[in-house]
Every structure is written in C-alpha cells, then in structure tokens.
Amino acid sequence: MANQKTVWSIGARDLLLVVDVQNDFCPGGALAVPEGDAVIAPILRVAPLFQHVVLTQDWHPADHSSFAAMHAGRKPYEVLELEYGPQVLWPVHCVMGSSGAEFHAKLTLQASYVQRKGSDARVDSYSAFFENDRRTPTGLEPVLCARGIERIFLAGLAYDFCVGYSALDARRRGFEAIVLQDGCRAIDLNGSRERMEENFAQAGVCVAQTGDLTAPLQ
Ligand code: VGL
Ligand code: ZN
C-alpha cells in the first residue's frame, strides 16, 4: 500500500544495543566520527521503550595491533594484512581506562549490561558478538539468550564499522536485526557505508528510524 509506514512495537524480547558512544568517537576525540555526538538525542528518546539496553565499549590495550602507531612506517586508515585478514589501521583510540574510552557524559542511560570488546592486543573486535577473526566470541550472546532476546535494535558508532558488523553477526546468530539510522553516524572510509548497506541487504538486516518505534499497542 502506498505511504504505509512500518511501525515497530517494542516488547520484552527486544533489545536496544548502543554501540561505542564513547568520547574518542565523538567530536574532539581521537577517532572522531563526523557528528558522532548527534546519535545521543535519538538514542535517549527511544531507550525508555526498551526493558533491555546493552552498551558496548571499545576497550583497547595501549599496544593494540589495530593502532597504526604499532606498525613502523604505517599511517592511520591504511589497510594491513594481519593473521586473521585485512585490518584497517586506526589512530590510537579507546585505550582502557583513558577518558577517551569513557562513555559520552550525555549518554545518561540505565544499561542492563556493558560488553567491552577489543581487549586482546592481537585482534580487533568491531562486532559486539565476535572478534575480527569472526570466531572468538565476546560473551554477549549467552547474556542475550538468557534474557529471551529475539530482536536487536542497533544505534551508535560507527554505522559502517562496529554498528554494522554487530548487526551482521546478530543475523548470523539468528536474531532479527534493525539498524536505527538516525541513531547512527558513519566513518565513511573508501565506500565503507555503501558496502555495509549492501551487506545489510544480503543478510536481511532491516533499517529504520527511531521515530518508527512505538510502545506495545494495547
Ligand atoms: C570502531 C574503528 C575502530 C567503531 C572501533 O566503534 O566503529 N571503529 N574501533
Ligand atoms: Zn577500536
């Protein structure tokens, strides 16, 4: 039907997964995503609809292998072949315990769980579910299964990296996955946004806006 808009009614089996809304990904941070802090208002608007809210926190040791500074002669945003495949090299960011790794002060959310990731110096972890070797679990999945989660709504940073890979892995593990586009901002590195959207289409990841979510209809 023309102009019919999909509305998502949020219930007990739905999770809001808020990805990496940390100082280093916001303006002024070490790996600032353009308008990164603009995701906070839409996230705070929809969060009260959810009984389950999980935050992820990028949490790297100072000598993490994804940092360009760890590789002689390499610069940030170059791609390097590591043991588990190609890895983008990043500026030093989200070092565990640093202020850059803290959640943005305006992200005043009550989370039921915080999933840290990227703490093994040898392997990066974009996804909330698996490290970049695509095999090593972070530990998030059993937490969600214990709570009976079936659908995962995602928001945060960055759309084309940690949000995107988390949504793809959510599908791979049998969850429904819906990315809330106005609650995300992208890094946009060499077509990464378009490539991620092609991956979403192939994997059956839905995209929606925070305004499409409602409380359960009575
Ligand atoms: C991220 C690059 C490196 C992200 C994390 O949160 O999207 N991107 N580490
Ligand atoms: Zn990182």
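Use the structure listed above.
As a starting point, this report considers the structure included with it. Since the model is a prediction, treat every value here as computed from it, not as a measurement.

Considerations on the coordination of the zinc ion (ligand 2)
- The zinc ion (ligand 2) binds to the protein through Asp58 (OD), His60 (NE2) and His93 (NE2), with metal-donor distances spanning 2.0 to 2.2 Å.
- Coordination at the zinc ion (ligand 2) is irregular, judged from the 4 donor atoms that bind it and the angles of 87 to 169 degrees they form at the metal.
- For His60, a relative accessible area of 0% gives the class buried.
- With a relative accessible area of 3%, His93 lands in the buried category.

Quick look at the site of ligand 1
- Taken together, Asp20, Phe25, Leu31, Asp58, Trp90, His93, Leu157, Ala158, Phe161 and Cys162 make up all the residues around ligand 1.
- Measuring from an oxygen atom of ligand 1, one finds a backbone N or O atom of Ala158 at 3.0 Å.
- Cys162 is positioned with one of its backbone polar atoms (N or O) 3.1 Å from an oxygen atom of ligand 1.
- A total of 260 Å² of accessible area belongs to ligand 1 in isolation, and the protein chains cover 100% of it.
- Looking at the shell around ligand 1, its residues break down into 7 nonpolar, 1 polar and 2 charged.

Points about the pattern of salt bridges
- Following the criterion strictly, the structure yields 12 salt bridges and no others.
- One salt bridge connects Asp20 with Lys117, and the closest N-O pair in it is separated by 2.9 Å. Taken together, the residues Asp20 in the loop between strand E2 (14–19) and helix H1 (40–46) and Lys117 in strand E6 (residues 113–117) connect sequence positions 97 residues apart.
- A salt bridge links Arg172 to Asp169; the nearest nitrogen and oxygen atoms lie 2.9 Å apart. Placement of both Arg172 and Asp169 in helix H3 (residues 159–172) is noted, with a separation of 3 residues, approximately one turn of the helix.
- Here Asp169 falls in the buried class, since its relative accessible area comes to 3%.

Quick look at H3
- Within H3, 11 of the 14 residues are buried, leaving the element largely enclosed by the surrounding structure.
- Inspection of H3 places Tyr159, Asp160, Phe161, Cys162, Val163, Gly164, Ser166, Ala167, Leu168, Asp169 and Ala170 among the buried residues, and these make up the whole buried set.
- Trailing H3 by a residue or two, Gly174 shows a phi angle of about 95 degrees, which is positive.

Some details on unusual backbone geometry
- With omega at -15 degrees, the peptide bond leading from Leu157 into Ala158 counts as cis.
- Relative to the elements of secondary structure, Ala158 occurs in the loop between strand E7 (151–157) and H3.
- Non-glycine residue Asp188 carries a positive phi angle of around 65 degrees.
- In this structure, Asp188 sits in the loop between strand E8 (176–185) and helix H4 (192–203).

Some points on the packing of aromatic side chains
- Evaluation of the coordinates by the stated rule reveals 9 aromatic pairs.
- Measuring from centroid to centroid gives 5.1 Å for Trp90 and Phe161, while their planes differ by 90 degrees, and the two rings are edge-to-face. With Trp90 in the loop between strand E5 (85–88) and E6 and Phe161 in helix H3, the pair connects residues that are 71 residues apart, well separated along the chain.
- Consider the rings of Tyr159 and Phe200, whose centres lie 5.8 Å apart with planes at 90 degrees: the pair is edge-to-face. Of this pair, Tyr159 sits in helix H3 while Phe200 sits in helix H4, placing them 41 residues apart in sequence.
- A relative accessible area of 4% places Tyr159 in the buried class.
- Members of the aromatic cluster, each reached through a chain of ring pairs, are Tyr77, Trp90, Tyr126, Phe161 and Tyr165.
- Stacked on the ring of Trp59, the Lys or Arg Arg116 has its end atom at 3.7 Å from the ring centre.

The rules behind each value
- Residues numbered from 1 in each chain as written.
- Chains lettered and ligands numbered in written order.
- Predicted model: local features only at pLDDT ≥ 70, side-chain atom pairs only at ≥ 80, totals over all residues.
- Heavy atoms only, no water.
- Donors = N, O, S within 2.8 Å, 3.2 Å for Na, K, Ca; no water.
- Tetrahedral: all angles 85-135°; square planar, octahedral: opposite > 155°, others 65-115°.
- Buried < 20%, exposed > 50% of the residue type's maximum accessible area, 1.4 Å probe, protein only.
- Near = heavy atom within 4 Å.
- Polar contact = N/O pair within 3.5 Å; in protein donor to acceptor, adjacent residues only side chain to side chain.
- Areas by Shrake-Rupley, 256 points an atom, 1.4 Å probe, with all protein chains shown as cover.
- Nonpolar A, V, L, I, M, F, W, Y, C, P; charged D, E, K, R; others polar.
- Salt bridge = Lys/Arg side-chain N within 4 Å of Asp/Glu carboxyl O.
- Helix = DSSP H or I, 4+ residues; strand = E, 2+ residues; numbered from the N terminus.
- Phe/Tyr/Trp six-rings, centres within 6.5 Å; stacked < 30°, edge-to-face > 60°.
- Lys NZ or Arg CZ within 6 Å of the ring centre and 35° of its normal.

Note that every value here comes from positions in space, so none of it alone points to a role or purpose.
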